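Observations on the three-dimensional arrangement
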Amino acid sequence: MNRDLLLTALAPLIWGTTYLLTTTFVSELPALLLGTLRILPAGLVLLALSRRLPPHGWWGRVAVLAVLRQALFFVLLYGAALHLPGGVAATVGASSAMLVVLLAWPLLGQAPTRLNLTLAGAGLAGVALISLSGGERLSALGLALALGFALVNALGTVLFGRWGPPPGARPLDQVAWELTLGGALLLPFALPAAPALAGVDLAGWGALTFMTLVGTALAALLWQRGLNRLPVQQVGLLAPLSPLTAVLLDMLFLHTWLTPVQLVGAALVLGSVVLNGVAARRPVPTCSTGES
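In this text the structure is predicted, and so the values were computed from the model without any measurement.

With that settled, the discussion passes to the packing of helix α2 (residues 18-25) against helix α10 (residues 202-229). Relative orientation of the contacting elements α2 and α10 amounts to 155°, with a least axis distance of 10 Å. Considering the angle they form, α2 stands roughly antiparallel to α10. Of the two elements, α2 crosses α10, and the hand of that crossing is left-handed. Touching T18, L21, T22 and F25 of α2 are A203, G204, A207, F210 and M211, all from α10. For the contact of α2 with α10, the per-class residue count stands at six nonpolar, three polar and no charged.

Structure below.
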């Protein structure tokens, strides 16, 4: 495996730790505050390194992508992480790859093949198996939030594919703009919950720091670097590493096991994502931060 692919693979592996870190160390914080703490500081750090602003005429598009790929995405992700086992939330969120196939049809004019539709159906069936079975009744709100972050991620992916990056923008610039603007939009809504930070202990602050600097700033740059250097299909094959990491961490540290039916569902979701990447004949737009 080449060096570029190995570095890119680090991004979904890092994103897969979000669920365990959230439920173990900062579960008392609301999703709005968690999302803001994750993306705004990361965006400001990257913006200081970028020292650029979006070109004239691109602010609106950058704002839309910031809302979809950063603000809404992370709030919904943390909401799902607080209401579902990490492996379940991450696997349901992996359905975004299938939603991209469906959304690309009306928005990009890229009609899915029969194979695309078959794989999309298999992926959604896998989500249903995970959601509707198991020894414990899963939170309906948590499932809705997980499907929500999959949907906004997919929509942001397709819109980015339609618009592309601003002229002359580097991966650092694009990630910095979206994270900063997304965090700034969340900040007024998160401030009322700020007193909850008084209850965060040293381990909690360590988890927040890791998720902000490593899980957001570094991982997003690694992912975007991979998209610039490798075929999109090849990068897409790495996406299942995130839910796989979340499931393994749940089993190792929380002793949370999926039922046989849920394992079948997880295999359908992840298998659909992998087979779709293998079978791709043309590039499919990919999100620069499809982190979780």
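Ranked by internal contacts, the top residues of the largest apolar core, which has 55 residues, are Y19, L29, V88 and F149. With eleven residues, the top contributor of residues to this core is helix α4 (residues 59-83).

For the structure on display, the rule yields three aromatic pairs. Ring geometry for F73 versus F74: centroids 5.1 Å apart, planes at 85°, classification edge-to-face. Looking at F73, the relative accessible area reads 1%, which means it is buried. Using a relative accessible area of 0% as the deciding quantity, one classes F74 as buried. An angle of 90° between the planes, with centres 5.6 Å apart, marks the rings of F73 and F149 as edge-to-face. Highlighted residues: F73 in helix α4 and F149 in helix α8 (residues 140-163), separated in sequence by 76 residues. Exposure remark for F149: the relative accessible area of 3% places this residue in the buried category. Put simply, the rings of F73, F74 and F149 touch in pairs and so form one group of aromatic residues. Just above the ring of W58 sits the side chain of R61; from NZ or CZ to the centre is 5.0 Å.

Let's shift gears to the confidence of the model for the protein chain. Averaged over all residues, the pLDDT of the protein chain equals 84, while 89% of them reach at least 70. For residues 283-289, every residue scores under 50 in pLDDT, and the model assigns this stretch 34 contacts once sequence neighbours within four places are set aside.

What follows concerns helix α3 (residues 31-50). Taking 1.5 Å as the rise per residue, α3 with 20 residues should run 28 Å; its terminal C-alpha atoms sit 28 Å apart, in good agreement. Positive backbone phi, at 55°, marks R51, one or two positions downstream of α3.

As a further point, take the pattern of salt bridges. Under the criterion given, the structure shown has four salt bridges. Taking the shortest distance from any N to any O, the salt bridge between E178 and R69 comes out at 2.3 Å. Here E178, found in helix α9 (residues 171-190), pairs with R69, found in helix α4; they are 109 residues apart in sequence, far enough to count as distant. Taken together, the shared-partner salt bridges in this structure form one network comprising R52, R170 and D173.

This part takes up the side chain of T22. You can see T22 is positioned in helix α2. The class for T22 is buried, based on a relative accessible area of 0%. If sequence neighbours within four positions are ignored, T22 has contacts with S27, L34, Y78, A81, L82 and M211.

The subject of this paragraph is the packing of α2 against α4. For any two helices packed against each other, the geometry is given by the interaxial angle and the distance between the axes. Remark: α2 packs on α4, axes separated minimally by 9 Å, with the N-to-C direction vectors making an angle of 60°. Our pair here, α2 against α4, has a crossing hand that is right-handed. Where α2 approaches α4, its residues T18, Y19, T22 and T23 are matched on the opposing element by L77, Y78, A81 and L82.

Its place among the elements puts M211 in helix α10. Given the relative accessible area of 1%, M211 is considered buried. As for M211 and L21, which are separated by 190 residues in sequence, their C-alpha atoms are 8.3 Å apart. M211 has contacts with T18, L21, T22, V26, R38, Y78 and T216, leaving out every residue within four places of it along the chain.

For R51, which is not glycine, the phi dihedral falls at a positive 55°. Inspection of the secondary structure puts R51 in the loop between α3 and α4. Using a relative accessible area of 75% as the deciding quantity, one classes R51 as exposed.

So, how was this worked out
Residues numbered from 1 in each chain as written. Predicted model: local features only at pLDDT ≥ 70, side-chain atom pairs only at ≥ 80, totals over all residues. Heavy atoms only, no water. Axes fitted to C-alpha atoms, helices over the stretch in contact; angles between N-to-C directions. Helix = DSSP H or I, 4+ residues; strand = E, 2+ residues; numbered from the N terminus. Parallel < 35°, antiparallel > 145°, perpendicular 65-115°, else oblique. Left-handed = near helix turned anticlockwise from the far one by under 90°. Contact = heavy atoms within 4.5 Å. Nonpolar A, V, L, I, M, F, W, Y, C, P; charged D, E, K, R; others polar. Core = buried A, V, L, I, M, F, W, Y, C linked by side-chain atoms within 4.5 Å. Buried < 20%, exposed > 50% of the residue type's maximum accessible area, 1.4 Å probe, protein only. Phe/Tyr/Trp six-rings, centres within 6.5 Å; stacked < 30°, edge-to-face > 60°. Lys NZ or Arg CZ within 6 Å of the ring centre and 35° of its normal. pLDDT = per-residue confidence, 0-100. Expected span 1.5 Å × (residues − 1). Salt bridge = Lys/Arg side-chain N within 4 Å of Asp/Glu carboxyl O.

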